[in-house]
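Listed below are the residues making up each chain.
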Amino acid sequence: NVKASNEKYVMYASFEAFSFLHCAFFTIFAYLVYIIMESLLEFGYVGLFIGSLLAATIFPFSSDVLLVGMLVAGGEPVTTVVVATLGNWIGGLIGYWMGWLGKLEWLERWFRVKPETIAKHKARVEKWGPLLALLTWTPFVGDIFAIVLGFYKAKFLPSAFWMFVGKCGRYICWAIIEGVVVSAI
């Protein structure tokens, strides 16, 4: 019974150590992202453009936070929305072209995706087509939609158009929300 008690303690202590390291890593990571985002805002609209572009790729930035930060710092709303939209849209197009370069064999070999699964997803993309690009604004999964549209060779111009509409709509909403909140304070 003592052995079982010791095993539970060791397991609990190991879990606590893992939890501490896990929290420490993500705290440091979040702080680094915060510092980078703060630094980007110091470059004004150029920093907003770069941050918005990177946020639409694999980098864990929040272009929404950058946009609101720029507006709170006194950025002109229309210019801020246009710059953020263009940066994020170009970042989404980069994701689209990365997907376009992908090969089915890579999914099957490296990610062990079955051909049936690929066919099922391709049918969904073909059903909705470029309209799926409206969803590229969504956090976390939006980048995946852009890559998938390119991977399944959805028509480029309509995809680019709907991607622009979705991303621009998001930033307009944030600018309106920021304006309402700031005027209420």
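Keep in mind it's a predicted model, so treat the numbers as computed, not measured.

Draft legend 1. A look at the nonpolar core. Counting residues in hydrophobic clusters, the biggest one holds 14 residues, and the most contacted among them are Leu48, Phe61, Leu66, Leu67, Val81, Ala84 and Tyr171. For this core, the leading source of residues is helix 3 (residues 63–72), giving four residues. Among all residues touching leucine 67, those that are not within four sequence positions of it are Leu48, Thr80, Val81, Ala84, Tyr171, Trp174 and Ala175. In terms of nonpolar packing, the next biggest core, distinct from the first, is built from 13 residues, Tyr96, Ile118, Leu132 and Met163 among them.

Draft legend 2. Structural detail: the confidence of the model for the protein. Overall, the prediction assigns the protein a mean pLDDT of 82, with 81% of residues at 70 or greater. The secondary-structure element of the protein with the lowest mean pLDDT is helix 1 (residues 2–42), recorded at 61, while helix 4 (residues 77–101) shows the highest, at 95.

Draft legend 3. Region of interest: empty space enclosed by the protein. Within this structure, the stated rule accounts for one cavity of 30 Å³ or more. Here the largest cavity is characterised by a volume of approximately 30 Å³. Ala56, Thr57, Ile58, Gly95, Met98, Asp143 and Ile147 together form the lining of the largest cavity. Breaking the lining of the largest cavity down by element, the ones donating at least two residues are helix 4 and helix 7 (142–151). Tallied by class, residues from the lining of the largest cavity come to four nonpolar, two polar and one charged.

Conventions adopted
- Residues numbered from 1 in each chain as written.
- Predicted model: local features only at pLDDT ≥ 70, side-chain atom pairs only at ≥ 80, totals over all residues.
- Heavy atoms only, no water.
- Core = buried A, V, L, I, M, F, W, Y, C linked by side-chain atoms within 4.5 Å.
- Buried < 20%, exposed > 50% of the residue type's maximum accessible area, 1.4 Å probe, protein only.
- Helix = DSSP H or I, 4+ residues; strand = E, 2+ residues; numbered from the N terminus.
- Contact = heavy atoms within 4.5 Å.
- pLDDT = per-residue confidence, 0-100.
- 1 Å grid on protein atoms, 1.4 Å probe; cavity = no way out; pocket = protein on both sides within 12 Å on 5 of 7 lines; lining within 4 Å.
- Points joined across faces, edges and corners; volume = space filled by probe spheres on them.
- Nonpolar A, V, L, I, M, F, W, Y, C, P; charged D, E, K, R; others polar.

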